[in-house]
Amino acid sequence: MKLLLVIFIIHAIFIPCFSFDVPGKDLPLTLDYYKSTCPTVFDVIKKEMECIVKEDPRNAAIIIRLHFHDCFVQGCDASVLLDETETLQGEKKASPNINSLKGYQLVDRIKNIIESECPGVVSCADLLTISARDATILVGGPYWDVPVGRKDSKTASYELATTNLPTPEEGLVSIISKFYYQGLSVDDMVALVGAHTIGKAQCRNFRSRIYGDFRATSALNPVSETYLASLRELCPERSGEGDSNVTAMDNVTPNLFDNSIYHTLLRGEGLLNSDQEMYTSMFGIQTRRIVSKYAEDTVAFFEQFSKSMVKMGNILNSKSLVDGEVRRNCRFVNT
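Each value, and the rule that gives it
- Residues numbered from 1 in each chain as written.
- Predicted model: local features only at pLDDT ≥ 70, side-chain atom pairs only at ≥ 80, totals over all residues.
- Heavy atoms only, no water.
- Helix = DSSP H or I, 4+ residues; strand = E, 2+ residues; numbered from the N terminus.
- Buried < 20%, exposed > 50% of the residue type's maximum accessible area, 1.4 Å probe, protein only.
- Contact = heavy atoms within 4.5 Å.
- Expected span 1.5 Å × (residues − 1).
- Patch = residues over 30% accessible without salt bridge, like charges linked within 9 Å, V, L, I, M, F, W, Y side chains within 5 Å.
- Areas by Shrake-Rupley, 256 points an atom, 1.4 Å probe, with all protein chains shown as cover.
- Salt bridge = Lys/Arg side-chain N within 4 Å of Asp/Glu carboxyl O.
- Axes fitted to C-alpha atoms, helices over the stretch in contact; angles between N-to-C directions.
- Parallel < 35°, antiparallel > 145°, perpendicular 65-115°, else oblique.
- Nonpolar A, V, L, I, M, F, W, Y, C, P; charged D, E, K, R; others polar.
- Disulfide = S-S within 2.5 Å.
- 1 Å grid on protein atoms, 1.4 Å probe; cavity = no way out; pocket = protein on both sides within 12 Å on 5 of 7 lines; lining within 4 Å.
- Points joined across faces, edges and corners; volume = space filled by probe spheres on them.
- Core = buried A, V, L, I, M, F, W, Y, C linked by side-chain atoms within 4.5 Å.
- Domains from an automatic or database assignment.

A. Focus on unusual backbone geometry. The backbone of Q74 shows a phi angle near 70 degrees, a positive value even though the residue is not glycine. Summarising the element assignment, Q74 is placed in the loop between α3 (58-71) and α4 (95-98). In this structure, A78 is a non-glycine residue whose phi angle is positive, near 65 degrees. In this structure, A78 sits in the loop between α3 and α4.

Pasting the structure below:
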């Protein structure tokens with residue numbers, strides 16, 4: 001709580017603020033989409049997110065992750081929020097999501113408040129996109145303008161959730177290809193991975209890393225050895241033991257959105273193989289340079305992160321733009 005208080009004070013003095021032209025002038029998204037229909041939407045979401053993050057700083061990372069996992073499957077259309085029904089197979093049980101995503105009840109909480117003020121107006125997709133921006137700010141990250149006007153999908157894709165989302169043990173080339181498929185560059189990828197600076201990972205997702213090449217990438221540093229020992233105590237080598245135990249991906253400032261995660265990679269201490277690959281992979285000439293840049297320059301990281309979040313948020317589901325809806329309940333298609 002003391003750390004959060006410091007963050008709020010810092011932000012009262014100076015919040016890094018980045019404003020960009022929306023990529024693709026023909027996008028049906030605008031900054032004032034709700035100006036006449038729900039003018040308080042940004043304030044309502046901000047106020048509730050302040051409460052949510054104050055209750056548990058980890059909620060910031062949970063919301064950002066939900067947004068990321070949503071946009072990589074069918075575009076940013078809130079398909080990730082849909083529960084399974086007899087007629088719809090959702091994405092929540094797909095392998096990259098089932099042990100990773102949480103926070104659905106937080107979205108429900110915000111949605112209920114918005115529905116009481118502006119019934120049937122604000123989409124769950126926009127709600128999640130705005131909430132991810134506010135979550136970032138509330139733990140020390142930058143501000144950016146959020147274009148809105150997304151529609152909620154009436155479908156989900158278990159298959160795309162299984163294939164489109166990067167996994168913790170994936171190699172660099174494969175991960176880059178998944179970002180390219182979404183129209184995101186290597187610069188976008190390295191910046192967006194920076195959100196791991198406030199994230200946590202389960203033992204099942206970093207076991208192979210700490211019993212694999214962790215010692216090699218950290219160059220047998222005595223301090224790194226101590227850190228590795230603590231990780232192995234938390235996460236036994238045998239599969240199935242302690243699988244759901246969690247630890248911070250940034251073990252220095254886990255509740256602060258900063259560039260510390262890149263320093264972790266420079267030390268060779270990245271918790272996830274997919275993260276460490278950006279600095280130590282033989283294919284990582286470009287990513288290594290970008291990691292070093294963001295480790296040296298927080299402002300450069302913040303600026304690119306803001307641009308990349310806008311760009312990712314603009315990945316749209318063309319089908320939903322035509323026949324999408326504004327769900328009354330984010331978990332279910334309207335009936």
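B. Just helix α14 (residues 273-280), in detail. Counting buried positions along α14 yields 6 of 8 residues, so the element is predominantly enclosed. Those residues of α14 that fall on the buried side of the exposure criterion are N273, S274, D275, Q276, E277 and M278. The inward-facing, buried residues of α14 abut α8 (172-181), α9 (186-193), α10 (203-210), α11 (214-217), α13 (260-266) and α15 (285-296).

C. Highlighting helix α5 (residues 104-117). In a regular helix each residue adds 1.5 Å, so 14 residues correspond to 20 Å; α5 covers 20 Å between its end C-alpha atoms and thus fits that length. Taken together, the buried positions of α5 are Y104, L106, V107, D108, I110, K111, I114 and E115. On its buried side, α5 packs onto α2 (41-55), α3 and α6 (124-138).

D. Representation of a nonpolar patch on the surface. Taken together, the side chains of V173, M282 and F283 make up a nonpolar region of the molecular surface, amounting to roughly 370 Å² of accessible area. Tracing the chain through its elements places F283 in the loop between α14 and α15. With relative accessibility at 55%, the residue F283 sits in the exposed group.

E. The arrangement of the packing of α9 against helix α16 (residues 298-313) in detail. Running from N to C, α9 and α16 point in directions that differ by 105 degrees, and their axes come no closer than 8 Å. Classified by the interaxial angle, the pair formed by α9 and α16 is roughly perpendicular. For the pair formed by α9 and α16, the contact residues are D187, D188, A191 and L192 on the first element and F301, Q304, F305, S308, M309, K311 and M312 on the second. Partitioned by chemical class, the residues of the contact of α9 with α16 number 6 nonpolar, 2 polar and 3 charged.

F. Up close: the state of the cysteines. Overall, the coordinates contain 4 disulfides when judged by the stated rule. In this model, C38 is linked to C118 through a disulfide, with the two sulfur atoms separated by 2.1 Å. On the sign convention where negative is left-handed, the bridge of C38 and C118, at about 80 degrees about the S-S bond, is right-handed. Placement of C38 in the loop between β1 (17-18) and α2 and of C118 in the loop between α5 and α6 is noted, with a sequence separation of 80 residues between them. Like C118, C38 is buried. Residue pairing for C203: its cysteine sulfur links by disulfide to C235, the two sulfurs lying 1.9 Å apart. Negative torsions about the S-S bond denote left-handed disulfides, and the value of about 65 degrees found for C203 with C235 makes this one right-handed. Taken together, the positions of C203 in helix α10 and C235 in the loop between α12 (222-234) and β4 (246-248) put the pair 32 residues apart, joining distant regions of the chain. C203 sits in the buried class, given a relative accessible area of 0%. For C235, a relative accessible area of 0% gives the class buried.

G. Quick peek at empty space enclosed by the protein. Scanning all chains against the criterion turns up 4 cavities of 30 Å³ or more. Take the lining of the largest cavity: its biggest share by element is 4 residues, from α3. In terms of residue class, the lining of the largest cavity is made up of 2 nonpolar, 2 polar and 4 charged.

H. Local environment of the nonpolar core. Counting residues in each nonpolar core, the largest one holds 87 residues, and the members touching the most others are M49, L81, M189, V190, F206, Y262 and M312. Broken down by element, this core gets its largest block of residues, 8 residues, from α6. In this structure, this core is formed jointly by two domains, domain 1 (40-165 + 313-323) and domain 2 (183-311), each of which donates at least three residues. Excluding residues that lie within four positions of it along the chain, V190 makes contacts with Y262, M278, T287, I290, V291 and Y294.

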